[in-house]
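Examination of the molecular architecture
Here's the letter readout for the chains.
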Amino acid sequence: MTYEKKFLNTLISLCDDLAWGRPASEEQLFDLTRPGAGPEDYVRLAEAFGMMLVKVEGREFHRDELIAELKTRNAELEEIRVLLDQRNRHLMQTVQDAYQPRRIIGSSEGMRRVVELALSIARRPINTVILGPTGAGKEVIAKMVHYNSSRREGPFVAVNCSAIPENLFESEMFGIEKGAASGVGFRRGLVEEASGGTLFLDEVGEMSLAHQAKFLRVLEEQEVQRVGRNKPLPVDIKVIAATNVSLEEAVREGRFRSDLYYRISVAEIRLPPLCERGDDTLILAQHFLEEHCMRMGRPRLTLAAGAREALLAYSWPGNVRELGNEMERAASLTVGERVEATDLSPRITARVPLGVSVPALTANIPATGNPVFGAAPFRGNDPAPDHGPLGKGATDLNLHLVERWVVSEALNRCAGNKTRAAELLGITREGLRKKLQRIGMTE
């Protein structure tokens, strides 16, 4: 065998070892590069091969280092993933627990019926409409339905329909593809985000007719089409819609599509305003008060009798939200250990409480034919009348009997209509109910 042939066979053998991942013989390679080991071109070829082999081995070493580092990072990420999964489950459990029926504050008959209906809907989720005034707690009931249903592991996505600009409604609700508009990137829509869970549409009555038609198709087909995409995507959602207006009236007036109304109102929950929930007002007030005291780091406060009376007499147009804000104010500004009537906002105490003087109760009642107060309204500095519920010639007034007579007179003049009688007396209907109980008159 010629020298050149032997040289090439050795070099080929080293190449095979390198190609198949076998350790190449460095001693054989070194012999090929010795001075005078062969023709100059062959020696240069062996030297180039040796340099390539060194670089390959260096890259393999660096690759092994990278693989080891990636394995370490992967193990760390797996630990973080497990920790986040545990925290997510704990957070989900906390949220679910927060919206259990026992967490709903109130014992009134109206709220009891609301909770029972909400749980019935949760057992077999269906599209639902929640009707009630602003601040009455519609979203709380919606979350109770979601977190007590089979969809509780899915997302709860809340959308304020009145807060989305008209020109952004489709991209916000249905999503948008990258490049659909100048400078716009890919974004999933809120409907797609809610897939597998519940989509809560607050103020659904504010949705425009054009957008109602598009959203109706989403509900009917259970698919959504992003802006700039030709192919629709399947979604799985249940809708809970909330509004403080009558959708039936909106349908009659042509402001709301009847087909969408019937699609979302498979079930209907009506939330009573706070003024119709009786003692729930005081229960909620104390709850909010304790909650804000704890957050502010101050001792527990209680409600004095005067404050309780004023809270019951007030009509609460802002409902539970307004009550929560009022208790936050009281927790911040009250100096003593009890919240007095003077610690409440002027608009709360401006409403005549239940235990007021007789002149205030009768200020709106015409004096004509009034056997207690004669032909003119009674004033605090006037001498006591000599006739009335105590009989002619009485030298003092029994407040209990006078109140009974005033309430009876108001009911008589309103033909037994308690709402009108309450307006005549300057109190709420709930305040009148409490007063009837207090003075021993059946309602």
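Look up a bit, the structure's there.
Right, let's walk through the structure included here. Since the structure is predicted, the reported quantities are computational estimates derived from the model, not experimental observations.

Quick look at the pairing of strand S5 (residues 198-202) now. The element S5 is largely enclosed, with a buried count of five among its five residues. Neither face of S5 is exposed, since Thr198, Phe200 and Asp202 on one face and Leu199 and Leu201 on the opposite face are all buried. In the sheet, strand S2 (residues 156-160) pairs with S5 via five bridges, with the strands oriented parallel. Among the inter-strand pairings, Ala158 is bridged to a residue of S5, identified as Phe200. When S5 meets strand S8 (residues 238-243), the two strands line up parallel, connected through five bridges. Looking across to S8, one finds that Phe200 is bridged to Ile240.

Sheets are built from strands paired through backbone hydrogen bonds, the pairs being either parallel or antiparallel. Strand order across the open sheet formed by five strands is S2-S5-S8-S1-S9, with parallel pairing between neighbours. Two strands close off the open sheet at either side, each with one partner strand: S2 and strand S9 (267-270). Each adjacent strand pair in this sheet contributes to an overall mean axis angle of 20°, direction not counted. With respect to the sheet, helix H4 (residues 109-123) is in contact with strand S1 (128-131) and S9, its orientation differing from that of S9 by roughly 155°.

Attention now moves to the pairing of S1. Along S1, one buried face is formed by Thr128 and Ile130 and the opposite face, lined by Val129 and Leu131, is buried too. Sheet topology note: the S1/S8 ladder contains four bridges and is parallel. Across the sheet, residue Ile130 finds its bridge partner in S8, namely Ala242. Relative to S9, S1 runs parallel, the two sharing four bridges. From the neighbouring strand, Ile130 faces S9, where its bridge partner is Ile269.

With that settled, consider the packing of aromatic side chains. One pair of aromatic rings is described through two measures. These are the centre distance and the angle between the planes. Under the defined criterion, the tally for this structure stands at six aromatic pairs. On the basis of an interplanar angle of 20° and a centroid distance of 5.9 Å, the ring pair of Phe156 and Phe200 is categorised as stacked. You can see Phe156 sitting in strand S2 and its partner Phe200 sitting in strand S5, a full 44 residues away along the chain. The interplanar angle of 85° and the centroid separation of 4.7 Å between the aromatic rings of Tyr314 and Trp316 together place this pair among those described as edge-to-face. There is no split in this pair, since Tyr314 and Trp316 are both buried. Through a chain of ring-to-ring contacts, the aromatic side chains of Tyr99, Tyr147, Phe156 and Phe200 assemble into a single cluster.

Attention now moves to the pattern of salt bridges. Here the idea is simple: oppositely charged side chains can pair when their charged atoms come close. Tallied over the full model, the rule gives 28 salt bridges. Linking Arg226 and Glu192 is a salt bridge whose minimum nitrogen-to-oxygen distance equals 2.7 Å. Separated by 34 residues along the polypeptide, Arg226 in the loop between strand S6 (223-224) and strand S7 (233-234) and Glu192 in helix H7 (residues 190-193) bring together distant segments of the chain. Judged on exposure class, the residue Arg226 and its partner Glu192 are both buried. The salt bridge partner of Glu322 is Arg347, with a shortest N-O separation of 2.9 Å. Residue Glu322 is found in helix H13 (residues 319-333), and its partner Arg347 is found in helix H14 (residues 346-349); the two are separated by 25 residues along the sequence. Ionic contacts of the salt-bridge type, sharing partners, join the residues Glu177, Arg188, Glu192, Arg226 and Arg229 into one network.

Quick notes on the rules
Residues numbered from 1 in each chain as written. Predicted model: local features only at pLDDT ≥ 70, side-chain atom pairs only at ≥ 80, totals over all residues. Heavy atoms only, no water. Buried < 20%, exposed > 50% of the residue type's maximum accessible area, 1.4 Å probe, protein only. Helix = DSSP H or I, 4+ residues; strand = E, 2+ residues; numbered from the N terminus. Pairing = 2+ DSSP bridges. Axes fitted to C-alpha atoms, helices over the stretch in contact; angles between N-to-C directions. Contact = heavy atoms within 4.5 Å. Phe/Tyr/Trp six-rings, centres within 6.5 Å; stacked < 30°, edge-to-face > 60°. Salt bridge = Lys/Arg side-chain N within 4 Å of Asp/Glu carboxyl O.

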